[in-house]
Amino acid sequence: MKKLLGTGVALVTPFKKDFSIDTEALRNIVNYCIDGGVDYLVVLGTTAESVTLNKKEKQHVINTVVETNAGRLPLVLGVGGNNTSLVVEELQETDFSDFDAILSVSPYYNKPTQEGIYQHFKAISLASPIPIILYNVPGRTGSNMLPQTVLRLANDFDNIVAIKEACGDMNQVNELIKGRPENFMVLSGDDATSLETVLAGGEGVISVLGQGLPAEFSKMINLGLQNNKEEAFKIHYALEEGMDLIFEEGNPTGIKVIFEALNLSNAGVRLPMVEATSALKEKINSFLKPFIITRLTA
């Protein structure tokens, strides 16, 4: 899956002031990311507030992104949940003709055993008509998909092609890279460890901050893939504060502040998330200032 090499971004769903989907803003964000040099787009991941979108709204987001992208970049669709039979049903009912892979999160809230996680993804593998990227994010799911389980799945099912690893533990990432079968990709799901993951032998990242600063983030990852550590870390250190700030009050609260500062959308999020505090907005705007000035003077 060389299409998934480099920088993927987990797109937000922008809202109008009345919390309906802002279609024009979504189109602008897609174009902004493509123009900024990202390598692929992830639609309806957790950053998209997909759990607060109804079926009709999800289809509207898909249609808008597909139409705006117009075949320019590979697309990944978020299809996951904690009810295995419903995920399988969704896989059987969805038209994947415009997508290159699905991103499927490890079951949340239920806190299954490793065997339960394995059987969940086995069912998804048997039902999915396109390649699958596993998604491990213990901070959101309440359980950690261990390397043994990931590698077992990678070895047992040819259509399980990658993992988005957001455990934040480089020892676990290194274990995956060391033990993986040929052609299985390890992608960072954690902006703060994305460069380290690439330098350790991973293939890239599915980023949140990358959609706000696509040119800078993509350049950092590309330099990392070329093993140009010195130049890559210069960008990493410049971005590091932003990587922390955007998650300070939850995701996508912070990244939407960046889009507001860039006049691409407003910062509204749907309950139970709430819009960023004025204090956080001030900190994020301060972080952004040098990047905006650089662009204006370029």
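Residues numbered from 1 in each chain as written. Predicted model: local features only at pLDDT ≥ 70, side-chain atom pairs only at ≥ 80, totals over all residues. Heavy atoms only, no water.

(A) Highlighting the overall build of the protein. When you go through the protein residue by residue, the secondary structure sums to 13 helices and eight strands. Over its C-alpha atoms the protein spans a radius of gyration of 18 Å, differing by no more than 12% from the 19 Å that the globule rule assigns to 298 residues. C-alpha extents for the protein along the principal axes are approximately 50 × 45 × 35 Å. A burial count over the protein gives 55% of its 298 residues as buried. Approximately 12,900 Å² of the protein is accessible, and the part contributed by carbon and sulfur atoms is 50%. Of the charged side chains in the protein, 25 are positive and 36 negative; the average position of the first set lies 2 Å away from that of the second. (Helix = DSSP H or I, 4+ residues; strand = E, 2+ residues; numbered from the N terminus. Rg over C-alpha atoms; globule rule 2.2 N^0.38 Å. Buried < 20%, exposed > 50% of the residue type's maximum accessible area, 1.4 Å probe, protein only. Areas by Shrake-Rupley, 256 points an atom, 1.4 Å probe, with all protein chains shown as cover. Lys, Arg positive; Asp, Glu negative; His and termini not counted. Charge placed at Lys NZ, Arg CZ, Asp CG, Glu CD.)

(B) Structural context of the nonpolar core. Counting residues in hydrophobic clusters, the biggest one holds 81 residues, and the most contacted among them are L11, L41, V43, V65, L134 and L239. Leaving out residues up to four positions away in the same chain, L41 has contacts with V9, L11, V30, C33, I34, V65, N69, L73, P74, L75 and V76. L4, L103, V137 and I206 belong to the second largest nonpolar core, which has 17 residues in total. (Core = buried A, V, L, I, M, F, W, Y, C linked by side-chain atoms within 4.5 Å. Contact = heavy atoms within 4.5 Å.)

(C) Looking closely at the sheet that holds strand β4 (residues 101-105). With parallel pairing, the eight strands of this closed barrel are ordered in space as β1-β2-β3-β4-β5-β6-β7-β8. Within the sheet, the average angular offset between the axes of one strand and its neighbour, ignoring direction, is 25°. Bridge count between strand β5 (residues 132-136) and strand β6 (residues 160-165): five bridges; the pairing is parallel. Counted as the bridge partner of I133 is A162 from β6. Lying on the sheet, helix α2 (residues 55-69) is in contact with β2 (40-43) and β3 (75-78); it crosses β2 at an angle near 165°. (Pairing = 2+ DSSP bridges. Axes fitted to C-alpha atoms, helices over the stretch in contact; angles between N-to-C directions.)

(D) View of the packing of helix α1 (residues 23-35) against α2. Orientation of α1 relative to α2, taken along the N-to-C sense of each, is 45°, at an axis distance of 9 Å. Between α1 and α2, the angle falls in the class oblique. In this structure, the crossing between α1 and α2 has a hand that is right-handed. Each of T23, L26, R27, V30, N31 and I34 in α1 lies in contact with α2, whose residues at this interface are H60, V61, T64, V65, E67, T68 and N69. A class-by-class count of the residues in the contact of α1 with α2 yields five nonpolar, six polar and two charged. (Parallel < 35°, antiparallel > 145°, perpendicular 65-115°, else oblique. Left-handed = near helix turned anticlockwise from the far one by under 90°. Nonpolar A, V, L, I, M, F, W, Y, C, P; charged D, E, K, R; others polar.)

(E) Quick peek at the packing of aromatic side chains. In total, this model carries three aromatic pairs according to the counting rule given. Ring geometry for Y118 versus F157: centroids 6.0 Å apart, planes at 45°, classification tilted. Highlighted residues: Y118 in helix α4 (residues 114-127) and F157 in the loop between α6 (147-156) and β6, separated in sequence by 39 residues. Of the two residues examined, Y118 and F157, each falls in the buried class. (Phe/Tyr/Trp six-rings, centres within 6.5 Å; stacked < 30°, edge-to-face > 60°.)

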